[in-house]
Amino acid sequence: QLQLVESGGGLVQPGGSLRLSCVGSGFSLTNYAIGWFRQVPGKEREDVGCISRSGERTWYPDTMKGRVTITREDAKDTAYLQVDNLKPEDTAIYYCAAHGRCTVIEEYTFWGQGTRVTVSS
């Protein structure tokens with residue numbers, strides 16, 4: 001199955017920023033919308049945002065607007081998630097996923113293994 005690879009997670013202090021990267025494992029992301037999600041133990045995976053195939057449009061849930069920015073760079077075949085003003089409750093495993101267009105989580109079939117983000121002082 002096609003897979004994605006996330007990177008860039010780590011430990012960051014509250015109020016800091018972090019940028020995560022997403023690439024395809026042996027395939028290009030250029031024909032896919034890329035969604036970002038996160039999951040904490042005992043909770044369901046939740047939306048962080050999505051960027052269209054062209055990069056022209058992005059979507060963020062209301063809870064993340066103002067703190068999250070999703071971009072993509074075709075020359076590097078990479079999608080990015082930046083989260084600003086990080087809070088302890090942002091601690092989670094962050095995943096990227098690919099689909100033909102931004103959609104609901106159930107429609108994404110190509111996933112990464114996740115990268116851990118820990119927000120703590």
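Our subject is the structure that appears above.
Residues numbered from 1 in each chain as written. Predicted model: local features only at pLDDT ≥ 70, side-chain atom pairs only at ≥ 80, totals over all residues. Heavy atoms only, no water.

## Thoughts on the overall build of the chain
Here's step 1: Regarding its fold elements, the chain presents 0 helices and 11 strands.
Here's step 2: Scanning the chain from its N terminus toward the C terminus, one meets helices and strands in the order β-β-β-β-β-β-β-β-β-β-β.
Here's step 3: Against the globule reference of 14 Å for 121 residues, the chain gives a C-alpha radius of gyration of 13 Å, in line with a compact fold.
Here's step 4: Dimensions along the principal axes, computed over C-alpha positions, put the chain at roughly 40 × 30 × 25 Å.
Here's step 5: Taking all 121 residues of the chain together, the buried fraction comes to 43%.
Here's step 6: Long-range pairs, those at least 24 residues apart, make up 55% of the contacts in the chain between residues at least 6 apart in sequence. (Helix = DSSP H or I, 4+ residues; strand = E, 2+ residues; numbered from the N terminus. Rg over C-alpha atoms; globule rule 2.2 N^0.38 Å. Buried < 20%, exposed > 50% of the residue type's maximum accessible area, 1.4 Å probe, protein only. Contact = heavy atoms within 4.5 Å.)

## Structural notes on the pairing of strand E7 (residues 68-73)
Here's step 1: Residues Val 68, Ile 70 and Arg 72 point to one face of E7 and are all buried, whereas Thr 69, Thr 71 and Glu 73, pointing to the other face, are not buried.
Here's step 2: Of the pairings in the sheet, the one linking E7 to strand E8 (residues 78-83) comprises 6 bridges and is antiparallel in character. Residue pairing across strands places Thr 69 opposite Gln 82, the latter belonging to E8.
Here's step 3: In textbook terms, the turn of a hairpin is the stretch between consecutive antiparallel strands, and for E7 and E8 this stretch comprises 4 residues, one of which, Asp 77, has a positive phi near 50°. (Pairing = 2+ DSSP bridges.)

## Details of the nonpolar core
Here's step 1: With 27 residues, the main nonpolar core has Cys 22, Ile 34, Trp 36, Val 68 and Leu 81 as its most contacted residues.
Here's step 2: Residue assignment for this core shows that the elements contributing at least two residues are strand E3 (18-24), strand E4 (33-39), strand E5 (46-51), E7, E8, strand E9 (92-99) and strand E11 (115-119).
Here's step 3: Residue contacts for Leu 81: discarding those within four places in its chain leaves Leu 18, Arg 19, Leu 20, Trp 36, Val 48, Val 68, Thr 69, Ile 70 and Tyr 94.
Here's step 4: Judged by nonpolar contacts, the second largest core, of 8 residues, contains Cys 50, Tyr 95, Tyr 108 and Trp 111. (Core = buried A, V, L, I, M, F, W, Y, C linked by side-chain atoms within 4.5 Å.)

## Thoughts on the layout of surface pockets
Where empty space is left can be seen by rolling a probe of water-molecule size over the atoms.
Here's step 1: Its boundaries defined by the atoms lining it, the largest pocket holds a volume of some 150 Å³.
Here's step 2: Lining of the largest pocket is provided by Ala 33, Ser 52, Arg 53, Ser 54, Arg 57, Gly 100, Arg 101 and Cys 102.
Here's step 3: Taken together, the residues of the lining of the largest pocket break down into 2 nonpolar, 3 polar and 3 charged. (1 Å grid on protein atoms, 1.4 Å probe; cavity = no way out; pocket = protein on both sides within 12 Å on 5 of 7 lines; lining within 4 Å. Points joined across faces, edges and corners; volume = space filled by probe spheres on them. Nonpolar A, V, L, I, M, F, W, Y, C, P; charged D, E, K, R; others polar.)

## Describing the pattern of salt bridges
Here's step 1: All chains considered together, the criterion is met by 4 salt bridges.
Here's step 2: Residues Lys 65 and Asp 62 are paired through a salt bridge, measuring 3.4 Å at the closest nitrogen-oxygen approach. There is no split in this pair, since Lys 65 and Asp 62 are both exposed.
Here's step 3: Two residues, Asp 90 and Arg 67, come together in a salt bridge whose shortest N-O distance is 2.7 Å. Taken together, the residues Asp 90 in the loop between E8 and E9 and Arg 67 in the loop between strand E6 (58-59) and E7 connect sequence positions 23 residues apart.
Here's step 4: Of the residues examined, Asp 90 reaches a relative accessible area of 1% and is grouped as buried.
Here's step 5: Overlapping salt bridges bring together Arg 38, Glu 46, Arg 67 and Asp 90 as one network. (Salt bridge = Lys/Arg side-chain N within 4 Å of Asp/Glu carboxyl O.)

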